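Observations on chain architecture
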Amino acid sequence: MIRVGVNGYGTIGKRVADGIRLQPDMQLIGVAKTRPNFEAEAAVQKGYALYSAIPERSRLFDEAGIDLHGEVADLVSECDVIVDATPSGVGAENCSLYREHDTPAILQGGESPDTVDESFVAQANYDDAAGAELLRVVSCNTTGLSRLLEPIDGEYGVDKARATLIRRGGDPGETDRGPINDILPDPVTLPSHHGPDVQTIFPDVDIDTLGVTVPATLMHLHSVNLTLETEPSASAVADLLSRQSRLFVVPPELRIDGTAALKEFATDAGRPRGDLWENCLWEESIAVEGTDLYLFQSIHQEANVVPENIDAIRALVGRKSAAESIALTNDRLGMTTARQHIQSPQHRTPQPADD
Ligand code: NAD
């Protein structure tokens, strides 16, 4: 069993902890939190051992009547791998603690690539992670772009990639984020940081990205244009993409017209928190003009890095191949089950409109 701890139990950390608990080859030793709140209560109710992330604040947990198993240093020393899901910049500060205990750690996309040995997307560079001290699961947007580029570059060759990222203003629980009534070029200068970040995974890909931030919380939307080295048909591209386990090619007959319907669909499918771990690409948006491929995809920012973190744990300790890990992660998260649900006959048959 790989003994894993999660330091930083927020949007990403709590989802990764739940995912780890489902893996047959991993043991969740505990999670570290900075203060008692509803998420700390929920962690305790799930049976997760709670550690104080900031020792000076341990007494706050006592005062709230929440039992602590120890402090974050104890958690780090008890684990084979730490997943650090603290806010941007805090992960880099925590690295000295991980090094002190000789515990390899996985940081998140908010950290600089220079902080770590490798940046990581499971289907692209799993094998490079073995033995690393510090790994970084790239951001939700970079993960989404990399998952798309990998099969297309492999099959058709990507001469030039361009993507406009229409980004959610904040996560649903983030009341202090915005804009609430604007459309912001973000950044107004080119490129956005996402293109260079994709190049930490695919150094040779020529990519330009633009960012826009809008008053939405549910998901990001990418408008993608790839200039290919060959001229495939749109249906061949759709077929290739529909065979990728972490891409969900949304069939037209589901009548999913946007990110709100996608989230509703995931909730109806029984996904925890309505999470969409896959990139969601609209089949109807896939178009090819000569060597230019166009499509829209949506990324659930709270969820798509969760399977990558789980694979990153296995990649660090080097006990399974990429294909084995990806298949196991998908299966245990329930991605396969939802895919079967999506592809079941009643969903493939056009339904009469009910409105
Ligand atoms: P979050 O704010 O939801 O959660 C971070 C948690 O860490 C909070 O519970 C916070 O209290 C806690 N924390 C703060 N300081 C800490 C410390 N010193 N030690 C331990 N815990 C501490 O943030 P998030 O959205 O989960 O983001 C975490 C990381 O994941 C960031 O690098 C972010 O860029 C990246 N990421 C976020 C998203 C997203 O859309 N939410 C998507 C992909 C990657």
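These figures come from a predicted structure and were not determined experimentally.

1. Notes on the pairing of strand β13 (residues 247–250)
On a regular strand, each side chain points to the face opposite its neighbour's, so the side chains alternate between the two faces of the sheet. Residue alternation in β13 divides its side chains into two sets, Leu-247 and Val-249 and Phe-248 and Val-250, and both sets are buried. The sheet contact formed by β13 and strand β14 (residues 279–282) spans four bridges and is parallel. From the neighbouring strand, Val-249 faces β14, where its bridge partner is Leu-281. Running through helix α10 (residues 259–268), the crossover from β13 to the neighbouring parallel element β14 is right-handed.

2. Some points on the domain arrangement of the protein chain
Partitioning the protein chain into structural domains gives domain 1 (2–138 + 305–333) and domain 2 (140–303). A C-alpha centroid distance of 26 Å is found between domain 1 and domain 2. At the junction of the two partners, domain 1 supplies 25 residues and domain 2 supplies 20 residues. Here domain 1 and domain 2 share an interface that buries about 1900 Å² over both sides, 49% of which is from carbon and sulfur atoms. The three residues of domain 1 that bury the most area against domain 2 are Arg-15, Gln-123 and Val-138, which together make up 31% of that side's buried surface. Between domain 1 and domain 2 we count seven salt bridges in total. Between domain 1 and domain 2 we count 14 residue pairs in polar contact (both at pLDDT 80 or more) in total. Secondary structure elements with two or more residues in the side of domain 1 that touches domain 2: α1 (11–21), β7 (118–120), α6 (122–125), α11 (306–317) and α12 (322–333). Among the elements that make up the side of domain 1 that touches domain 2, the one with the highest residue count is α1 (five residues). For the side of domain 1 that touches domain 2, a count of residues per class yields 12 nonpolar, six polar and seven charged.

3. A word on the packing of α1 against α11
Helix packing geometry: the angle between the two helix axes and the distance between the axes. Look at α1 against α11: their axes get within 9 Å of each other, and the N-to-C directions meet at 55 degrees. Looking at the two axes, α1 sits oblique to α11. α11 is crossed by α1, and the crossing has right-handed handedness. In contact with Ile-12, Arg-15, Val-16, Gly-19 and Ile-20 of α1, α11 contributes Val-306, Asn-309, Ile-310 and Ile-313.

Conventions adopted
- Residues numbered from 1 in each chain as written.
- Predicted model: local features only at pLDDT ≥ 70, side-chain atom pairs only at ≥ 80, totals over all residues.
- Heavy atoms only, no water.
- Buried < 20%, exposed > 50% of the residue type's maximum accessible area, 1.4 Å probe, protein only.
- Helix = DSSP H or I, 4+ residues; strand = E, 2+ residues; numbered from the N terminus.
- Pairing = 2+ DSSP bridges.
- Right-handed = clockwise from strand over helix to strand, strands pointing away.
- Domains from an automatic or database assignment.
- Contact = heavy atoms within 4.5 Å.
- Buried area = accessible area lost by both parts, 1.4 Å probe.
- Salt bridge = Lys/Arg side-chain N within 4 Å of Asp/Glu carboxyl O.
- Polar contact = N/O pair within 3.5 Å; in protein donor to acceptor, adjacent residues only side chain to side chain.
- Nonpolar A, V, L, I, M, F, W, Y, C, P; charged D, E, K, R; others polar.
- Axes fitted to C-alpha atoms, helices over the stretch in contact; angles between N-to-C directions.
- Parallel < 35°, antiparallel > 145°, perpendicular 65-115°, else oblique.
- Left-handed = near helix turned anticlockwise from the far one by under 90°.

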